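Coordinate analysis (summary)
Spelled out, the chains give:
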Amino acid sequence: MSARIGVIGCGWWATRAHLPALAANPDAVIAGIADPDAENRARAAERFGVPDERVFADAAEMLSAVELDAAIVAVPHDLHAPLARMVLERDLHLLLEKPMTIRPPDARALAALAAERGVELIIGYPWSYSSQVLAVRDAIAEGRIGAIEYVSCQFASIVRELYRGNPEPYRDVLGYSVNPPGLKTYADPEIAGGGQGQTQVTHSAALLFLITGLRPVSVAAMTEPFELAVDLADAAVVRFDNGAIGSLGSTGSVLPGHDEILEYRIFGADGHILFDVNEGVAVIHGHRGEVHRLPSLPAEERYPDWAPADNLVDIVLGRAGNGSPASLGVLTVEFVDAIYRAALEGRTIRMGGGS
Ligand SMILES: NC(=O)c1ccc[n+]([C@@H]2O[C@H](COP(=O)([O-])OP(=O)(O)OC[C@H]3O[C@@H](n4cnc5c(N)ncnc54)[C@H](O)[C@@H]3O)[C@@H](O)[C@H]2O)c1
């Protein structure tokens, strides 16, 4: 049996990550694709060999016309909630791109709907599948550094031109193998819901929650758009449910030609971990002065961008659990929302309501 997958949205990310992953997976069939943009749709169909009768302008039409086991939604942020709902209401497993939704009530509603329908909802965070990330998570869960007391996270990426609505300068560095990102996808606040917070902090925050198990309870923050219509730099100070505190900062200002940076420094009562995700280096400093370096990760394994689609196929075939579940997506949507509210209102936001 093959997993029959429908892909909704044939822009940059679907054609760069999900469709190549499905095309290379011997247990998957690209059962249909849907995109209202005729050029993106045609280029995707041609590159991935999807016959005309399985190519649709309208996602609802594809869902009615084609037998599917699961779907992938990779569309601009403002359309995540309605299109994900359309898929889940048909009892299909779903890989939904990050951020799960712009607004927390929509994320909570989608998670509840997936649970009610008995289907898996994966959120597209490739780092959730990195073997090194999972090793760091396990080391912390085993108590290698004791109870966490302080964390810092720095994420600096190459995205400023996307927020300017000018994706072309990043053609090589971001790899537009078939279709480039839409001009408004990341630049229009109505569509994207924000800049660095929705597009990038969503990754670094989800990863922090995944590896530490910490849950944020209050957030103070500043955001800065500089010349843009959306935030370019975000800085948050956070208190977590176990009493730990930490800071999480991010900017989209790294220039092409320089390496992106994603670093975690996690301090426990019995040691600390320095984790450079982009360099693939994780070092545990234990309480007796011992230093343990986890196996370093080859460059091609540091961002497993095919893993979410492969996980969807494995879920359909009943041979894996959900490696990047809706609960992580909901928590992260709530956190990014708290950052924006804290910055806008100039006060500490208590997550779960109130201030
Ligand atoms: N996980 C990652 O590392 C990663 C990386 C890049 C992008 N993304 C996410 O992927 C999503 C898509 O981003 P992108 O860069 O590919 O954007 P994009 O602008 O390149 O593509 C979006 C596509 O969706 C199509 N679309 C619009 N309305 C639609 C509808 N109703 N039905 C079907 N298709 C529709 C557009 O025509 C376009 O082809 C975003 O949520 C983005 O945050 C994730």
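Residues numbered from 1 in each chain as written. Predicted model: local features only at pLDDT ≥ 70, side-chain atom pairs only at ≥ 80, totals over all residues.

Let's talk about the overall build of the protein chain
Assigned secondary structure in the protein chain consists of 12 helices and 15 strands. By its C-alpha atoms, the protein chain is 65 × 45 × 45 Å across when sized along the principal axes. Burial statistics for the protein chain: of 355 residues in total, 50% are counted as buried. Considering only contacts within the protein chain whose residues lie at least 6 apart along the sequence, 71% involve residues at least 24 apart. (Helix = DSSP H or I, 4+ residues; strand = E, 2+ residues; numbered from the N terminus. Buried ≥ 20, exposed ≤ 12 C-beta atoms within 10 Å, placed from the backbone. Contact = placed C-beta atoms within 7 Å.)

As for the site of the ligand
Inspection of the region around the ligand gives 27 residues, with Gly9, Gly11, Trp13, Asp37 and Gly182 positioned closest. Top contributing element to the shell around the ligand by residue count: helix α1 (residues 12–24), with 3 residues. Looking at the shell around the ligand, its residues break down into 14 nonpolar, 9 polar and 4 charged. Looking at which domains feed residues into the shell around the ligand, each of domain 1 (3–126 + 307–322) and domain 2 (128–302 + 333–350) supplies at least three. (Near = placed C-beta within 6 Å. Nonpolar A, V, L, I, M, F, W, Y, C, P; charged D, E, K, R; others polar. Domains from an automatic or database assignment.)

Remarks on the pairing of strand β13 (residues 281–285)
Residues Ala282 and Ile284 line the buried face of β13, whereas the alternating positions Val281, Val283 and His285 sit on a face that is not buried. As paired elements, strand β12 (residues 271–276) and β13 share 5 bridges and run antiparallel to each other. The partner of isoleucine 273 across the bridge, within β13, is isoleucine 284. In this structure, the hairpin formed by β12 and β13 is closed by a connection of 4 residues, where glycine 280 is found at a positive phi of approximately 70°. Taken together, the 3 bridges between β13 and strand β14 (residues 291–293) define a ladder with antiparallel strand orientation. Its bridge partner being in β14, isoleucine 284 is matched across the sheet by histidine 292. (Pairing = 2+ DSSP bridges.)

Thoughts on unusual backbone geometry
Each neighbour pair has its own omega, and for lysine 98 with proline 99 the value is -15°, a cis peptide bond. Assignment of secondary structure puts proline 99 in the loop between β5 (93–97) and α5 (104–117). Its identity is not glycine, yet aspartate 91 carries a phi of approximately 60°, on the positive side. Within the secondary structure, aspartate 91 sits in the loop between α4 (80–88) and β5. A residue is classified by how many C-beta atoms lie within 10 Å of it, and aspartate 91, with 10 of them, is exposed. A positive phi angle, near 50°, is found at phenylalanine 226, a position not held by glycine.

Considerations on the sheet that holds strand β10 (residues 245–251)
The strand order β14-β13-β12-β11-β7-β10-β9-β8-β15 describes an open sheet built from 9 strands, whose pairing is mixed. Every interior strand has two partners, whereas the edge strands, β14 and β15 (349–350), have only one. The pairing of strand β7 (residues 148–156) with β10 spans 7 bridges and is classified as parallel. What sits directly across from cysteine 153, in β10, is leucine 248. Along the sheet, helix α6 (residues 131–141) contacts β12 and β13; its crossing angle with β13, the most-contacted strand, is approximately 15°. Helix-sheet contacts for helix α12 (residues 326–345) involve β8 (216–224), β9 (233–240) and β15, and the interaxial angle to β8 is about 55°. (Axes fitted to C-alpha atoms, helices over the stretch in contact; angles between N-to-C directions.)

Describing the domain arrangement of the protein chain
When cut into domains, the protein chain gives domain 1 (3–126 + 307–322) and domain 2 (128–302 + 333–350). Each of domain 1 and domain 2 was reduced to a C-alpha centroid, and the two centroids are 25 Å apart. For the side of domain 1 that touches domain 2, the secondary-structure elements that each account for two or more residues are α1, α2 (38–48), α5 and α11 (307–316). The element that contributes the greatest number of residues to the side of domain 1 that touches domain 2 is α2, accounting for 4 residues. Along the lines of polarity and charge, the residues of the side of domain 1 that touches domain 2 split into 12 nonpolar, 6 polar and 5 charged.

Remarks on α6
Every buried residue of α6 is listed here: Gln132, Val133, Val136, Ala139 and Ile140. The buried residues of α6 all sit within an arc of 125° when viewed along its axis, so they share a single face. Exposed residues lying more than 90 degrees from the buried face of α6 are Ser131, Asp138 and Ala141. If you follow the buried residues of α6, they end up packed against α10 (196–212), β12 and β13. Positive phi shows up at glycine 143, right after α6, with a value of about 85°. (Arc of directions from axis to C-beta.)

Here's the deal with the packing of α1 against α2
At a closest axis distance of 11 Å, the pairing of α1 and α2 adopts a crossing angle of 30°. Pair α1 / α2 crosses with right-handed handedness. Contact residues: α1 offers Thr15, Leu19 and Ala23, while α2 offers Ala44, Arg47 and Phe48. Considered class by class, the residues forming the contact of α1 with α2 number 4 nonpolar, 1 polar and 1 charged. (Left-handed = near helix turned anticlockwise from the far one by under 90°.)

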